[in-house]
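# Observations on the three-dimensional arrangement
Spelled out from the first residue to the last, the chains are:
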Amino acid sequence: MSALLRQIPANIPQDIRKIRIENSHLTELPRGSFENVSALEYLWLNFNNITVMHIKSLEYLPALKELRLQGNKLSSVPWTAFQDTPALKILDLKHNRLDVLPENALRYLPNLTYLDLSSNQLTVVSRDVFYSWPVYQRSQRADGQIEAISNAVLALHDNPWICDCRLRGFVQFIKSVGPPIILMNSYLTCSRPKFRAGKFFHEVELNSCMKPLTSALDTNLTVPVGLNITLTCFVQGSPSPAVWWTYALKLLRAFNVSTEPISEETVRSELLIPAARPGDAGIYTCTAANFLGNTSVAITLHVGASWAPTTPSAWAPIGPAEPGAHVEVRIAKQTVYGITLEWFAAAAAAADPGETWYTLLVGRYDAAQKDTIYIGPGVNTYSVTNLLPATKYEVCVAVRNQAPRKGQCVVFITGNDVSQLEQREKLIHIIVIVCAMVLAVPAGMYACTAEARPGCLARCSGACPRRRRGGQAQAAGSKESTLDSLPAGSEDGLCRHEGGRSARQPPAREEPGKTRPPHRNSADLY
């Protein structure tokens, strides 16, 4: 118990009959894990981290009666491994991650009296799994009588069952099962679909599975330019099929598609096309699929009027426009590869800003069709990126139910290369950095450099003593000094004593009785 074991010990005595290793660190049962303990009858490996079980992991265990693997991480079990354990009576697999039971899973468990598969991830199970179980087969005689055999306890509760047509046979088996098979908990509940969640098996009636059937009320539609249009298709199928729309072999974005059930086996799918334009005309396909197959229906859409953008002044409202439905557009920022747009809708067009949608049309200036982007309520800015450099583009913004009007389009040309826009910003950054470095140099260095001439040392030899004698007077008036005193202060560092030692170097020892000039820090210069 709670041992730091990472594998089955190899030195187990051969006559051991019971092994119990729990709360340890076992992660797998390799081949021949117990080949030296053929007398083993009870094997408990609960609450480990076992994720893999080899198909020959139970080899050489003909006397095994009880196998408990509760609380591990098994997502599958090699059910044919139980061919090596014909005497097995108890199999405990609860609290694992099993999600599938193969049809022949129980075929090699003929003497089982207890099977616990509760608290796993089983969603759909065929009734043939249990019809092929020898325990069930022995309970059915040719004349319908029940043999005198031992009861078998079966635990299947606390699994996320999907109660659709795929579970129909299993639900019927659960409803009809009786001795010698006894359910530990007969109140199995549905987890999905949502309208059956929480219902008990005996409360639901499931129909047979059916391949999807798609239909549409109208497969040929015409809409004026600028108006919204909704394409609708109905799908019947069981289990509930997945539905999607395609246009020109491209999958349409999901936020324009809504799918909802209208009955147990029928769903309605709608595709919204806001502010239809000629580029939206074509064939739209509604496709539905489940595990039995797929089917589709095609809807042809015609857009009533043509729309050919030439210049911004050529845009004109089409159809009865809403009064005052005008949008002011401007470029907030432009880069080499894109722009950022801002727009403002007139008060009459945005009576309810929280419900106003916009249509953004972007493309080359000479393109016959432009990309359409739908902007939701409350948004008045959008960035267009990944544009080609040195290319003329046109962008238009319109209220959702309106065609673009004069003044709602912007024509612009992207930069030739990075040097036109981005390198200008880099140059500004370099100039700022250089200026900062220049200003960081002390002002005294400039003054010293300005006064340093080839004959400076010769002229300063007589001036330096006089400056030292007047040091006290300069210190007294240091607070009143200005930048005019900088050259004089800088010359001190350029002058040398008669002994040839630089004035900047401190003397080896201080002469007694000689007054030391007061210290002048850099702050006194300012």
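Summary of the structure given here. (Residues numbered from 1 in each chain as written. Predicted model: local features only at pLDDT ≥ 70, side-chain atom pairs only at ≥ 80, totals over all residues. Heavy atoms only, no water.)

## Considering the packing of aromatic side chains
How we decide: Here a pair means two rings of Phe, Tyr or Trp (six-membered ring of Trp) with centres within 6.5 Å. Their orientation is stacked below 30 degrees between planes, edge-to-face above 60, and tilted elsewhere. Runs of E in the DSSP output that reach at least two residues are strands. Runs of H or I that reach at least four are helices, and both are numbered from the N terminus. Relative accessibility under 20% of the residue-type maximum defines a buried residue, over 50% an exposed one, and the middle range a partly exposed one, all with a 1.4 Å probe and only protein chains included. Placement of a charge over a ring requires the Lys NZ or Arg CZ to be within 6 Å of the ring centre, with the centre-to-atom vector within 35 degrees of the ring normal.
The final tally for this structure, using the stated rule, is twelve aromatic pairs. Look at Y393 and F412: their rings are 5.9 Å apart centre to centre, the planes differ by 20°, and that puts the pair in the stacked class. Linking Y393 in strand β26 (residues 392-399) with F412 in strand β27 (residues 409-413), this pair joins segments that are 19 residues apart in sequence. Take F412: its relative accessible area is 5%, and that puts it in the buried class. Three or more aromatic residues joined by ring pairs make a cluster, and in this case those are F130, Y131, Y136, W161, F170, F173 and F201. Over the face of the ring belonging to W44 we find K18, whose NZ or CZ atom lies 4.6 Å from the ring centre. The positively charged end of K392 is found above the aromatic ring belonging to Y365, 4.1 Å away from the centroid.

## Things to note about the pattern of salt bridges
Stated precisely, the cut-off is as follows: Here a salt bridge means any side-chain nitrogen of Lys or Arg lying within 4 Å of a carboxyl oxygen belonging to Asp or Glu.
A complete count under the given rule lists 14 salt bridges for this structure. One salt bridge in this structure joins R17 and E41, with 2.8 Å as the shortest N-O distance. Residue R17 is found in the segment before β1 (18-20), and its partner E41 is found in the loop between β2 (28-29) and β3 (42-44); the two are separated by 24 residues along the sequence. When its relative accessible area of 13% is taken as the criterion, E41 is described as buried. Between E205 and K175 there is a salt bridge whose closest N-O contact spans 3.4 Å.

## Here's the deal with the nonpolar core
For soluble globular proteins, nonpolar side chains are generally found buried alongside one another. Stated precisely, the cut-off is as follows: Nonpolar cores were defined as sets of buried Ala, Val, Leu, Ile, Met, Phe, Trp, Tyr and Cys residues, with membership established by side-chain atoms within 4.5 Å. Any two residues whose heavy atoms approach within 4.5 Å at even a single point are treated as in contact.
Counting residues in each nonpolar core, the largest one holds 58 residues, and the members touching the most others are L67, W79, L91, F130, W133, F170 and F201. Considering every element that reaches this core, the biggest residue donor is helix α3 (residues 168-176), with four residues. Excluding residues within four positions of it along the chain, W79 makes contact with L91, L93, L101, P102, A105, L106, Y108, L109 and L117. By size, the runner-up hydrophobic cluster in this structure holds 21 residues, among which are V225, C233, C286 and I299.

## Looking at the side chain of T85
Checked against the element boundaries, T85 lands in the loop between β5 (66-68) and β6 (90-92). In contact with T85, other than residues within four places in its own chain, are L58, L61 and L64.

## Looking at the sheet that holds strand β22 (residues 339-345)
Rules: By this definition, two strands are paired if DSSP reports at least two bridges between them. Only the stretch in contact is used when fitting a helix axis, every axis being a line fitted to C-alpha atoms; angles between N-to-C directions are given from 0 to 180 degrees.
With respect to topology, three strands assemble into an open sheet ordered β21-β22-β25, the strand pairing being antiparallel. Only two strands of the sheet have a single neighbouring strand rather than two, namely β21 (327-334) and β25 (381-384). Across the sheet, the axes of successive neighbouring strands diverge by a mean angle of 25°, strand direction being ignored. One ladder, built from four bridges, connects β22 with β25; its direction is antiparallel. Within β25, the residue paired with L341 across the bridge is Y382.

By themselves, these observations are geometric and do not establish any function.
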